[in-house]
Structures are given as structure tokens and as C-alpha cells.
Amino acid sequence: MKLSEFFETHEWTQGSYAKTVNGTNVSPLDPDATCWCVIGAIRHLYPPRSTAEIYNDDVCKNIWPRFTNVITNMSLAQWNDAPGRTKAEVISLLKDLDL
């Protein structure tokens, strides 16, 4: 599943990788998670095979560089959490990046 498709059927959030329906911050892999930020959704959809691979896996090699080519003045977390950012903007960027 592409990230853009994920957010078309799941909720998006800011300020946390993932949250429960009650707004409690949880891991993106927590079964109680009901909404995710972009980074949380990446880790939810493409979890590393081991903790040693968190920063050296296919996600880091293939997905992160796409963001750094278009978000140049801030981190992906800062972009996701920017005041006024909308879910529609998130989906639009993900579609533009073919993610």
C-alpha cells in the first residue's frame, strides 16, 4: 500500500508518531493506534526487520531521499507538524512523490 492510499483511509495526526482514539501517544506499531503522522505511517507500513535496521533499511534508502528533495528548509517532522498543515496537503505531497 502506498502512503497516500494509507492516509485516504486512515487518520493523520501532528505532534506524535501515532495516537489512540483517545489521543494518547503510542508507537506507530501499537495495535491501538488510530492515527499517524507521516513518519509514523512509514514505520507502520514498512517496519524495520530489526532495531539494528531502523536507520539502515530500505525505507531510509528509498523513501527518505524523496522527501529531502522537496522539503529542503525543515525536517519531515517539522513539515508534518507545521501549524495549519492539512491532511489534504499531506496526501498531495505523497502523491506527488509517488509514495
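Described below are features of the structure shown in this document. All figures in this text were calculated on a predicted structure; none of them were measured in a lab. (Residues numbered from 1 in each chain as written. Predicted model: local features only at pLDDT ≥ 70, side-chain atom pairs only at ≥ 80, totals over all residues. Heavy atoms only, no water.)

1. Observations regarding the packing of aromatic side chains
Note on aromatic pairs: each is described by the distance of the centres and the angle between the planes.
Right, so step 1: All chains considered together, the criterion is met by 3 aromatic pairs.
Right, so step 2: Between Phe6 and Phe7, the aromatic rings sit 5.4 Å apart at their centres with planes inclined by 75°, giving edge-to-face as the arrangement.
Right, so step 3: Ring centres of Phe6 and Trp36 lie 5.0 Å apart, and the angle between their planes is 70°; on these two criteria the pair is classed as edge-to-face. In this pair, Phe6 sits in helix α1 (residues 3–9) while Trp36 sits in strand β4 (residues 35–36), placing the two residues 30 residues apart along the sequence.
Right, so step 4: In this structure Phe6 comes out as buried when scored by relative accessible area, which is 2%.
Right, so step 5: Through a chain of ring-to-ring contacts, three or more aromatic side chains come together here, namely Phe6, Phe7 and Trp36.
Right, so step 6: Across the ring face of Trp79, the terminal group of Arg85 is positioned such that the distance to the ring centre comes to 4.0 Å. (Phe/Tyr/Trp six-rings, centres within 6.5 Å; stacked < 30°, edge-to-face > 60°. Helix = DSSP H or I, 4+ residues; strand = E, 2+ residues; numbered from the N terminus. Buried < 20%, exposed > 50% of the residue type's maximum accessible area, 1.4 Å probe, protein only. Lys NZ or Arg CZ within 6 Å of the ring centre and 35° of its normal.)

2. Looking at the environment of Tyr17
Right, so step 1: Within the fold, Tyr17 resides in the loop between β1 (11–12) and β2 (18–19).
Right, so step 2: For the pair Tyr17 and His44, spaced 27 residues apart in the sequence, the C-alpha separation amounts to 9.5 Å.
Right, so step 3: Contacts of Tyr17, omitting those with residues within four sequence positions, involve Pro28, Cys35, Trp36, Cys37, Ile39 and Gly40. (Contact = heavy atoms within 4.5 Å.)

3. Some points on the pattern of salt bridges
Right, so step 1: For the coordinates displayed, the defined rule picks out 3 salt bridges.
Right, so step 2: Residue Glu8 is joined to Lys95 by a salt bridge in which the shortest nitrogen-to-oxygen separation is 2.8 Å. Separated by 87 residues along the polypeptide, Glu8 in helix α1 and Lys95 in helix α6 (residues 87–96) bring together distant segments of the chain.
Right, so step 3: The class for Glu8 is partly exposed, based on a relative accessible area of 44%.
Right, so step 4: Overall, Lys95 belongs to the partly exposed group, its relative accessible area being 48%. (Salt bridge = Lys/Arg side-chain N within 4 Å of Asp/Glu carboxyl O.)

4. Let's talk about the nonpolar core
Right, so step 1: Formed by 25 residues in total, the largest nonpolar core has its most connected members in Phe7, Val38, Ile42, Phe67, Leu76 and Leu94.
Right, so step 2: When contributions to this core are tallied by element, the ones reaching two or more residues are α1, α2 (38–45), α5 (76–81) and α6.
Right, so step 3: Not counting chain neighbours up to four residues away, the residues in contact with Phe67 comprise Val38, Ile42, Leu76, Leu93, Leu94, Leu97 and Leu99. (Core = buried A, V, L, I, M, F, W, Y, C linked by side-chain atoms within 4.5 Å.)

5. Here's the deal with the sheet that holds strand β3 (residues 25–26)
Right, so step 1: In space, the 4 strands of this open sheet follow the order β1-β4-β2-β3, with mixed pairing throughout. One side of each edge strand has no neighbouring strand; the edge strands of this open sheet are β1 and β3.
Right, so step 2: Across 2 bridges, β2 lies against β3 in antiparallel orientation. Residue pairing for β3: Ala18 is matched across the bridge by Val26. (Pairing = 2+ DSSP bridges.)

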